[in-house]
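Structural description and commentary
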Amino acid sequence: MTLRHSADSPSPLLLGHAQPDKDTAVALRERFLREQRARDVAGLSALLERHTGRPPRHETVDGLVVLLLGPVSHRVLVQGAPVDEDLVRATARAVLQPAT
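Right, let's walk through the structure included here. As the structure is a computational prediction, the values presented were derived from the model and not from experiment.

**Topic: the nonpolar core**
- V41, L44, L48, V61, L64, V65, L68, V95 and L96 together form the largest nonpolar core, which totals 9 residues.
- Elements with a minimum of two residues in this core: helix 2 (22-52), helix 3 (58-78) and helix 4 (85-99).
- Take this core: its biggest share by element is 4 residues, from helix 3.
- When neighbours within four sequence positions are excluded, L68 is seen to be in contact with L44, T91, A92, V95 and L96.

Now the structure itself:
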């Protein structure tokens, strides 16, 4: 598994444009990022509940999403490099093993 964003893909371009433009940043958060984050939190919450047998606290899941997506976002947006399986596995192990 390798995920790659090219220099002309929408995510880096939109984020780059949104940094100095407050209206673009607000629109991006309200029309895309907020919904994507809700899906990420719901998916991780369901996974943790299946694994532990109890529903996790929302605050815990919210924090774990930040920790899980930070390295992925950094790899794609800052380094311009693909997200490979090694990064995904290492990040998941580092973040989720202590939580379960």
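**A word on helix 2**
- Of all the bends in helix 2, the largest measures some 45 degrees and sits at R29.
- Those residues of helix 2 that fall on the buried side of the exposure criterion are T24, A25, L28, V41, L44, S45 and L48.
- Of the residues trailing helix 2, G53 is marked for its positive phi of about 80 degrees.

**Quick word on helix 3**
- With 21 residues, helix 3 should reach 30 Å at 1.5 Å per residue; the first-to-last C-alpha distance of 29 Å fits that figure.
- At L69, helix 3 shows its strongest bend, of approximately 30 degrees, with the proline P71 following within four residues.
- Turning to helix 3, its buried residues are V61, L64, V65, L68, R75 and V76.
- Where helix 3 terminates, the next one or two residues include G80, which has phi positive at roughly 65 degrees.

**Things to note about the packing of helix 2 against helix 3**
- The N-to-C vectors of helix 2 and helix 3 enclose an angle of 110 degrees; their axes lie 9 Å apart at closest approach. Judged on the interaxial angle alone, helix 3 and helix 2 are roughly perpendicular. Here helix 2 runs over helix 3; the crossing is right-handed. Residues R37, D40, V41, L44, S45 and L48 of helix 2 form the contact with helix 3, whose participating residues are H58, V61, D62, L64, V65, V66, L68 and L69.

**A closer look at the side chain of T91**
- Within the element layout of this structure, T91 appears in helix 4.
- Residue T91 is classed as buried on the basis of its relative accessible area of 10%.
- Apart from residues no more than four positions distant in its own chain, T91 is found in contact with L67, L68 and P71.

**Things to note about the side chain of R75**
- Here R75 shows up in helix 3.
- Within the local environment of R75, its side chain forms a polar contact with the backbone oxygen of P82, the two atoms lying 3.1 Å apart.
- Residues within four places of R75 in sequence aside, it is in contact with G80, A81, P82, V83, D84 and L87.

Conventions we followed
Residues numbered from 1 in each chain as written. Predicted model: local features only at pLDDT ≥ 70, side-chain atom pairs only at ≥ 80, totals over all residues. Heavy atoms only, no water. Core = buried A, V, L, I, M, F, W, Y, C linked by side-chain atoms within 4.5 Å. Buried < 20%, exposed > 50% of the residue type's maximum accessible area, 1.4 Å probe, protein only. Helix = DSSP H or I, 4+ residues; strand = E, 2+ residues; numbered from the N terminus. Contact = heavy atoms within 4.5 Å. Bend = angle between axes of the 7 residues up to and from the residue. Expected span 1.5 Å × (residues − 1). Axes fitted to C-alpha atoms, helices over the stretch in contact; angles between N-to-C directions. Parallel < 35°, antiparallel > 145°, perpendicular 65-115°, else oblique. Left-handed = near helix turned anticlockwise from the far one by under 90°. Polar contact = N/O pair within 3.5 Å; in protein donor to acceptor, adjacent residues only side chain to side chain.

So yeah, pure geometry; function would need other evidence.
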